[in-house]
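# Structural features, examined
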Amino acid sequence: MSTDAERAAGRPRAAAVDANREATGAIAPTLRKEAEMLLMNKVAVIYGAGGAIGGAVARAFAGEGARLFLTGRRRTTVEPVAEEIGRAGGSAEAAEVDAVDERAVDEHLRRVIDKAGRIDISFNAIGVGHDGILGVPLAELDVRKFVLPITAYTTSYFLTARTAARHMIPNKSGVIMTVTALPARMGSPLNGGYGSAQAAKEALTRDLSHELARQGIRVVALRPHGIPETSTLREVHAMKAKASGMTWEQFTGYLGSMTHSRRGSTLAELASMAAFVASDGASGLTGTIVNMTMGSLDD
Ligand SMILES: NC(=O)c1ccc[n+]([C@@H]2O[C@H](COP(=O)([O-])OP(=O)(O)OC[C@H]3O[C@@H](n4cnc5c(N)ncnc54)[C@H](OP(=O)(O)O)[C@@H]3O)[C@@H](O)[C@H]2O)c1
(Lines give C-alpha, C1' and ligand atoms only; values in the text may rest on other atoms or scores of the structure.)
Protein backbone atom coordinates (compact mmCIF):
# COMPACT_ATOMS: atom_id res chain seq x y z
CA MET A 1 0.00 0.00 0.00
CA SER A 2 2.99 2.34 -0.39
CA THR A 3 2.31 5.18 -2.76
CA ASP A 4 3.94 5.11 -6.17
CA ALA A 5 6.21 8.00 -5.21
CA GLU A 6 7.36 6.22 -2.04
CA ARG A 7 7.92 2.96 -3.90
CA ALA A 8 9.92 4.82 -6.53
CA ALA A 9 11.98 6.41 -3.75
CA GLY A 10 12.54 2.94 -2.29
CA ARG A 11 10.98 4.10 0.96
CA PRO A 12 8.31 2.07 2.82
CA ARG A 13 5.24 4.02 3.88
CA ALA A 14 5.95 3.61 7.62
CA ALA A 15 9.32 5.35 7.18
CA ALA A 16 7.65 8.12 5.22
CA VAL A 17 5.16 8.54 8.05
CA ASP A 18 7.92 8.90 10.65
CA ALA A 19 9.63 11.54 8.52
CA ASN A 20 6.34 13.32 8.09
CA ARG A 21 5.72 13.38 11.84
CA GLU A 22 9.16 14.84 12.51
CA ALA A 23 8.49 17.51 9.92
CA THR A 24 5.06 18.57 11.17
CA GLY A 25 5.40 17.80 14.87
CA ALA A 26 1.72 16.77 14.76
CA ILE A 27 0.25 14.08 16.98
CA ALA A 28 -0.21 11.51 14.27
CA PRO A 29 -1.09 7.86 14.05
CA THR A 30 2.01 5.68 14.10
CA LEU A 31 1.89 3.35 11.15
CA ARG A 32 3.50 -0.02 11.78
CA LYS A 33 5.45 -2.04 9.24
CA GLU A 34 3.00 -3.11 6.57
CA ALA A 35 3.50 -6.82 7.25
CA GLU A 36 2.50 -6.30 10.90
CA MET A 37 -0.56 -4.12 10.25
CA LEU A 38 -3.84 -5.58 11.51
CA LEU A 39 -6.10 -3.87 8.96
CA MET A 40 -3.96 -3.78 5.84
CA ASN A 41 -6.14 -3.39 2.71
CA LYS A 42 -9.35 -3.14 4.77
CA VAL A 43 -11.90 -0.49 3.80
CA ALA A 44 -13.52 1.13 6.85
CA VAL A 45 -16.34 3.65 7.21
CA ILE A 46 -16.63 5.51 10.51
CA TYR A 47 -19.73 7.49 11.47
CA GLY A 48 -19.21 10.31 13.98
CA ALA A 49 -15.50 10.39 13.08
CA GLY A 50 -15.17 14.01 14.23
CA GLY A 51 -15.91 13.02 17.83
CA ALA A 52 -13.51 11.89 20.55
CA ILE A 53 -14.09 8.15 20.11
CA GLY A 54 -14.68 8.23 16.34
CA GLY A 55 -11.48 10.24 15.85
CA ALA A 56 -9.41 7.97 18.08
CA VAL A 57 -10.72 4.86 16.30
CA ALA A 58 -9.98 6.48 12.92
CA ARG A 59 -6.35 7.15 13.94
CA ALA A 60 -5.93 3.60 15.23
CA PHE A 61 -7.45 2.06 12.08
CA ALA A 62 -5.20 4.25 9.91
CA GLY A 63 -2.19 3.20 11.96
CA GLU A 64 -3.06 -0.40 11.13
CA GLY A 65 -3.22 0.27 7.40
CA ALA A 66 -6.97 0.66 6.77
CA ARG A 67 -8.33 2.83 3.96
CA LEU A 68 -10.76 5.18 5.70
CA PHE A 69 -13.96 6.94 4.76
CA LEU A 70 -14.73 9.29 7.65
CA THR A 71 -18.15 10.84 8.11
CA GLY A 72 -19.89 13.18 10.50
CA ARG A 73 -22.89 15.43 10.83
CA ARG A 74 -20.62 18.42 10.10
CA ARG A 75 -17.74 18.18 7.65
CA THR A 76 -15.75 20.75 9.70
CA THR A 77 -15.19 18.29 12.55
CA VAL A 78 -14.27 15.35 10.30
CA GLU A 79 -11.97 17.10 7.83
CA PRO A 80 -9.16 17.79 10.36
CA VAL A 81 -9.06 14.10 11.34
CA ALA A 82 -8.79 13.03 7.69
CA GLU A 83 -6.11 15.66 7.04
CA GLU A 84 -4.08 14.57 10.05
CA ILE A 85 -4.20 10.95 8.90
CA GLY A 86 -3.28 11.99 5.37
CA ARG A 87 -0.28 14.00 6.63
CA ALA A 88 0.88 10.92 8.53
CA GLY A 89 0.83 8.86 5.34
CA GLY A 90 -2.54 7.16 5.85
CA SER A 91 -5.56 7.16 3.58
CA ALA A 92 -8.71 8.98 4.75
CA GLU A 93 -11.51 10.87 2.98
CA ALA A 94 -13.99 13.07 4.83
CA ALA A 95 -17.68 13.47 4.05
CA GLU A 96 -20.70 15.09 5.64
CA VAL A 97 -23.25 12.38 6.38
CA ASP A 98 -26.12 12.66 8.83
CA ALA A 99 -26.12 9.14 10.26
CA VAL A 100 -29.86 9.21 11.00
CA ASP A 101 -30.69 10.11 7.40
CA GLU A 102 -31.40 6.89 5.45
CA ARG A 103 -30.76 8.44 2.05
CA ALA A 104 -27.54 10.17 3.10
CA VAL A 105 -26.12 6.96 4.62
CA ASP A 106 -27.11 4.93 1.58
CA GLU A 107 -25.76 7.39 -1.00
CA HIS A 108 -22.47 7.83 0.84
CA LEU A 109 -21.87 4.09 1.06
CA ARG A 110 -22.64 3.70 -2.67
CA ARG A 111 -19.94 6.31 -3.35
CA VAL A 112 -17.51 4.38 -1.10
CA ILE A 113 -18.24 1.15 -2.97
CA ASP A 114 -17.79 2.94 -6.32
CA LYS A 115 -14.35 4.15 -5.20
CA ALA A 116 -13.02 1.31 -3.07
CA GLY A 117 -15.00 -1.65 -4.41
CA ARG A 118 -16.22 -2.85 -1.02
CA ILE A 119 -16.68 -2.13 2.70
CA ASP A 120 -14.96 -4.34 5.29
CA ILE A 121 -15.63 -2.42 8.52
CA SER A 122 -18.53 -0.18 9.58
CA PHE A 123 -18.05 1.63 12.89
CA ASN A 124 -20.84 3.77 14.36
CA ALA A 125 -19.41 6.18 16.96
CA ILE A 126 -22.03 8.91 16.89
CA GLY A 127 -22.83 10.67 20.13
CA VAL A 128 -26.06 12.59 20.66
CA GLY A 129 -25.89 15.85 22.63
CA HIS A 130 -27.00 15.67 26.24
CA ASP A 131 -28.66 19.07 26.52
CA GLY A 132 -32.02 18.72 28.25
CA ILE A 133 -31.69 14.92 28.24
CA LEU A 134 -29.49 14.27 31.25
CA GLY A 135 -29.91 15.70 34.74
CA VAL A 136 -33.71 15.57 34.91
CA PRO A 137 -35.36 12.99 37.21
CA LEU A 138 -37.35 10.41 35.24
CA ALA A 139 -40.50 11.32 37.18
CA GLU A 140 -40.25 14.84 35.75
CA LEU A 141 -38.97 14.05 32.26
CA ASP A 142 -40.98 14.93 29.15
CA VAL A 143 -41.69 11.82 27.04
CA ARG A 144 -40.34 13.48 23.87
CA LYS A 145 -37.02 14.10 25.61
CA PHE A 146 -37.00 10.56 26.99
CA VAL A 147 -37.28 8.97 23.54
CA LEU A 148 -34.86 11.35 21.83
CA PRO A 149 -31.61 9.44 22.52
CA ILE A 150 -33.37 6.08 22.06
CA THR A 151 -34.63 7.09 18.63
CA ALA A 152 -31.39 8.73 17.49
CA TYR A 153 -28.99 5.99 18.64
CA THR A 154 -31.09 3.03 17.50
CA THR A 155 -32.06 4.61 14.16
CA SER A 156 -28.46 5.48 13.37
CA TYR A 157 -26.97 2.14 14.39
CA PHE A 158 -29.72 0.24 12.55
CA LEU A 159 -29.32 2.30 9.37
CA THR A 160 -25.52 2.18 9.21
CA ALA A 161 -25.44 -1.53 10.07
CA ARG A 162 -28.19 -2.45 7.60
CA THR A 163 -26.61 -0.46 4.79
CA ALA A 164 -23.20 -2.02 5.45
CA ALA A 165 -24.69 -5.53 5.67
CA ARG A 166 -26.32 -5.18 2.25
CA HIS A 167 -22.89 -4.57 0.71
CA MET A 168 -21.06 -7.10 2.90
CA ILE A 169 -23.41 -10.05 2.30
CA PRO A 170 -22.33 -10.62 -1.34
CA ASN A 171 -18.66 -10.69 -0.17
CA LYS A 172 -19.49 -13.04 2.74
CA SER A 173 -17.21 -10.89 4.89
CA GLY A 174 -17.29 -7.79 7.09
CA VAL A 175 -17.35 -6.39 10.62
CA ILE A 176 -20.04 -4.09 12.02
CA MET A 177 -19.16 -2.28 15.21
CA THR A 178 -20.41 0.34 17.64
CA VAL A 179 -19.69 1.67 21.10
CA THR A 180 -22.02 1.42 24.09
CA ALA A 181 -21.72 2.49 27.73
CA LEU A 182 -22.04 1.34 31.32
CA PRO A 183 -25.71 2.45 31.73
CA ALA A 184 -26.66 -0.22 29.17
CA ARG A 185 -26.30 -2.73 31.97
CA MET A 186 -26.36 -0.72 35.20
CA GLY A 187 -28.95 1.62 36.69
CA SER A 188 -27.74 5.18 37.06
CA PRO A 189 -29.58 8.33 38.09
CA LEU A 190 -30.55 11.32 35.94
CA ASN A 191 -29.75 9.57 32.65
CA GLY A 192 -33.11 10.07 30.90
CA GLY A 193 -33.33 7.62 27.98
CA TYR A 194 -29.55 7.30 27.59
CA GLY A 195 -29.28 3.92 29.38
CA SER A 196 -32.26 2.54 27.46
CA ALA A 197 -30.65 3.70 24.20
CA GLN A 198 -27.35 1.99 24.98
CA ALA A 199 -29.13 -1.20 26.07
CA ALA A 200 -31.06 -1.19 22.78
CA LYS A 201 -27.77 -0.94 20.84
CA GLU A 202 -26.42 -3.95 22.71
CA ALA A 203 -29.58 -5.95 21.91
CA LEU A 204 -29.36 -4.94 18.25
CA THR A 205 -25.71 -6.06 18.18
CA ARG A 206 -26.75 -9.57 19.25
CA ASP A 207 -29.70 -9.73 16.84
CA LEU A 208 -27.67 -8.50 13.88
CA SER A 209 -24.99 -11.08 14.60
CA HIS A 210 -27.54 -13.87 14.85
CA GLU A 211 -28.77 -13.07 11.34
CA LEU A 212 -25.45 -12.16 9.73
CA ALA A 213 -22.71 -14.32 11.24
CA ARG A 214 -23.45 -17.31 9.00
CA GLN A 215 -22.90 -14.97 6.07
CA GLY A 216 -19.41 -14.15 7.27
CA ILE A 217 -20.28 -10.86 8.98
CA ARG A 218 -19.31 -10.26 12.59
CA VAL A 219 -21.16 -7.73 14.78
CA VAL A 220 -19.47 -6.53 17.95
CA ALA A 221 -19.93 -3.57 20.31
CA LEU A 222 -17.33 -2.14 22.68
CA ARG A 223 -18.45 -1.00 26.12
CA PRO A 224 -15.80 1.25 27.72
CA HIS A 225 -16.02 2.82 31.16
CA GLY A 226 -16.35 6.63 31.26
CA ILE A 227 -13.42 8.30 29.48
CA PRO A 228 -12.35 11.36 31.51
CA GLU A 229 -10.34 12.94 28.68
CA THR A 230 -13.46 13.39 26.50
CA SER A 231 -15.69 16.45 26.43
CA THR A 232 -18.64 14.04 26.62
CA LEU A 233 -17.80 13.10 30.19
CA ARG A 234 -17.32 16.79 31.09
CA GLU A 235 -20.80 17.44 29.65
CA VAL A 236 -22.31 14.52 31.54
CA HIS A 237 -20.81 15.87 34.76
CA ALA A 238 -22.01 19.42 34.07
CA MET A 239 -25.57 18.22 33.42
CA LYS A 240 -25.69 16.16 36.59
CA ALA A 241 -23.61 18.42 38.85
CA LYS A 242 -26.51 20.55 40.00
CA ALA A 243 -28.53 17.57 41.17
CA SER A 244 -25.64 15.43 42.41
CA GLY A 245 -23.59 18.26 43.97
CA MET A 246 -20.36 16.51 42.94
CA THR A 247 -17.27 18.39 41.77
CA TRP A 248 -15.43 17.08 38.66
CA GLU A 249 -12.80 15.50 40.91
CA GLN A 250 -15.47 13.79 43.04
CA PHE A 251 -17.30 12.64 39.90
CA THR A 252 -14.23 11.08 38.24
CA GLY A 253 -13.12 9.70 41.63
CA TYR A 254 -16.52 8.03 41.99
CA LEU A 255 -16.35 6.59 38.45
CA GLY A 256 -12.84 5.29 39.09
CA SER A 257 -13.86 3.73 42.41
CA MET A 258 -16.28 1.45 40.53
CA THR A 259 -13.45 -0.29 38.67
CA HIS A 260 -10.83 -2.76 39.82
CA SER A 261 -8.22 -0.47 38.26
CA ARG A 262 -9.51 2.58 40.18
CA ARG A 263 -9.64 4.74 37.06
CA GLY A 264 -11.69 5.47 33.94
CA SER A 265 -11.04 4.14 30.43
CA THR A 266 -8.73 5.91 27.98
CA LEU A 267 -9.29 6.71 24.31
CA ALA A 268 -6.06 4.86 23.46
CA GLU A 269 -7.34 1.67 25.14
CA LEU A 270 -10.66 1.85 23.34
CA ALA A 271 -9.05 2.58 19.96
CA SER A 272 -6.52 -0.26 20.12
CA MET A 273 -9.27 -2.71 21.17
CA ALA A 274 -11.38 -1.46 18.25
CA ALA A 275 -8.53 -2.15 15.81
CA PHE A 276 -8.05 -5.68 17.13
CA VAL A 277 -11.78 -6.48 17.12
CA ALA A 278 -12.04 -5.20 13.54
CA SER A 279 -9.14 -7.42 12.46
CA ASP A 280 -9.21 -11.02 11.23
CA GLY A 281 -7.44 -11.98 14.47
CA ALA A 282 -10.79 -11.54 16.24
CA SER A 283 -12.64 -13.91 13.88
CA GLY A 284 -14.14 -15.81 16.84
CA LEU A 285 -15.81 -12.71 18.25
CA THR A 286 -19.38 -11.89 17.24
CA GLY A 287 -22.79 -11.22 18.79
CA THR A 288 -21.21 -9.80 21.89
CA ILE A 289 -20.20 -6.69 23.78
CA VAL A 290 -16.55 -6.33 24.70
CA ASN A 291 -16.74 -5.41 28.37
CA MET A 292 -13.99 -2.83 28.92
CA THR A 293 -15.37 -1.57 32.24
CA MET A 294 -12.44 -2.98 34.19
CA GLY A 295 -14.48 -4.99 36.67
CA SER A 296 -17.36 -2.52 37.15
CA LEU A 297 -19.72 -4.99 35.50
CA ASP A 298 -19.59 -8.76 35.72
CA ASP A 299 -20.31 -10.57 32.47
N1 LIG B 1 -16.85 9.68 26.12
C2 LIG B 1 -17.12 8.71 26.97
O3 LIG B 1 -16.68 8.72 28.14
C4 LIG B 1 -17.97 7.53 26.52
C5 LIG B 1 -17.96 6.37 27.28
C6 LIG B 1 -18.76 5.30 26.89
C7 LIG B 1 -19.54 5.42 25.74
N8 LIG B 1 -19.52 6.57 25.02
C9 LIG B 1 -20.39 6.64 23.85
O10 LIG B 1 -19.60 6.72 22.67
C11 LIG B 1 -20.26 7.51 21.69
C12 LIG B 1 -19.35 8.63 21.21
O13 LIG B 1 -18.89 9.37 22.32
P14 LIG B 1 -17.84 10.56 22.17
O15 LIG B 1 -17.35 10.88 23.52
O16 LIG B 1 -16.89 10.28 21.09
O17 LIG B 1 -18.83 11.74 21.68
P18 LIG B 1 -18.47 13.08 20.88
O19 LIG B 1 -17.05 13.48 21.11
O20 LIG B 1 -19.55 14.05 21.19
O21 LIG B 1 -18.59 12.64 19.35
C22 LIG B 1 -19.80 12.28 18.79
C23 LIG B 1 -19.74 12.64 17.33
O24 LIG B 1 -20.93 12.17 16.71
C25 LIG B 1 -21.37 13.16 15.79
N26 LIG B 1 -22.78 13.02 15.50
C27 LIG B 1 -23.84 13.30 16.30
N28 LIG B 1 -24.99 13.05 15.67
C29 LIG B 1 -24.65 12.63 14.42
C30 LIG B 1 -25.39 12.26 13.28
N31 LIG B 1 -26.72 12.25 13.27
N32 LIG B 1 -24.71 11.89 12.17
C33 LIG B 1 -23.37 11.87 12.14
N34 LIG B 1 -22.60 12.24 13.19
C35 LIG B 1 -23.24 12.61 14.32
C36 LIG B 1 -21.06 14.45 16.49
O37 LIG B 1 -21.06 15.50 15.56
P38 LIG B 1 -21.50 16.98 16.03
O39 LIG B 1 -20.33 17.49 16.82
O40 LIG B 1 -21.73 17.68 14.74
O41 LIG B 1 -22.74 16.82 16.85
C42 LIG B 1 -19.69 14.15 17.08
O43 LIG B 1 -18.66 14.46 16.18
C44 LIG B 1 -21.56 7.98 22.35
O45 LIG B 1 -22.57 7.08 22.02
C46 LIG B 1 -21.26 7.89 23.80
O47 LIG B 1 -22.41 7.71 24.56
C48 LIG B 1 -18.75 7.62 25.36
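As the structure is a prediction and not an experimental result, all values here were calculated from the model.

Moving on: the sheet that holds strand β4 (residues 121-124). Read from one edge to the other, the open sheet built from 7 strands follows the order β3-β2-β1-β4-β5-β6-β7, with strand pairing classed as parallel. Edge strands, defined here as strands with exactly one partner in the open sheet, are β3 (91-96) and β7 (288-292). Each strand axis lies, on average, 20° off the axis of its neighbour in the sheet, ignoring direction. The sheet contact formed by strand β6 (residues 217-224) and β7 spans 5 bridges and is parallel. Looking across to β7, one finds that Arg223 is bridged to Asn291. Across the face of the sheet, helix α4 (residues 75-87) comes into contact with β2 (67-72) and β3 while running at roughly 170° to β3.

Surrounding the ligand, one finds 28 residues, the nearest of these being Gly48, Gly51, Ile53, Gly127 and Thr232. Looking at the shell around the ligand, the elements that each hand over two or more residues are α3 (52-63) and α8 (231-244). Looking at side-chain class alone, the shell around the ligand contains 13 nonpolar, 12 polar and 3 charged residues.

Our next topic: the packing of α3 against helix α10 (residues 267-278). It is the contact of α3 with α10, at a shortest axis distance of 8 Å, that shows an interaxial angle of 55°. In terms of their interaxial angle, α3 and α10 are classed as oblique. Remark: the crossing between α3 and α10 carries right-handed chirality. The residues of α10 that touch α3, namely those facing Ala52, Ile53, Ala56, Val57, Arg59, Ala60 and Phe61, are Leu267, Leu270, Ala271, Ser272, Ala274, Ala275 and Ala278.

The next point concerns the environment of Ala44. For Ala44, the position within the fold is in strand β1 (residues 43-47). With residues up to four places along the chain from it excluded, the contact list for Ala44 reads Phe61, Ala66, Leu68, Asp120, Ile121 and Phe123.

This next bit is on the packing of helix α6 (residues 143-168) against helix α7 (residues 194-212). Between α6 and α7, whose axes approach to 8 Å, the crossing angle comes to 20°. Taken together, the axes of α6 and α7 are roughly parallel relative to one another. Classified by chirality, the crossing of α7 by α6 is right-handed. Of α7, the residues touching α6 (which contributes Pro149, Ile150, Tyr153, Thr154, Tyr157, Phe158, Ala161 and Ala165) are Tyr194, Ser196, Ala197, Ala200, Lys201, Leu204, Leu208 and Leu212. For the contact of α6 with α7, the class distribution of residues is 13 nonpolar, 2 polar and 1 charged.

About the thresholds
Residues numbered from 1 in each chain as written. Predicted model: local features only at pLDDT ≥ 70, side-chain atom pairs only at ≥ 80, totals over all residues. Pairing = 2+ DSSP bridges. Helix = DSSP H or I, 4+ residues; strand = E, 2+ residues; numbered from the N terminus. Axes fitted to C-alpha atoms, helices over the stretch in contact; angles between N-to-C directions. Contact = placed C-beta atoms within 7 Å. Near = placed C-beta within 6 Å. Nonpolar A, V, L, I, M, F, W, Y, C, P; charged D, E, K, R; others polar. Parallel < 35°, antiparallel > 145°, perpendicular 65-115°, else oblique. Left-handed = near helix turned anticlockwise from the far one by under 90°.

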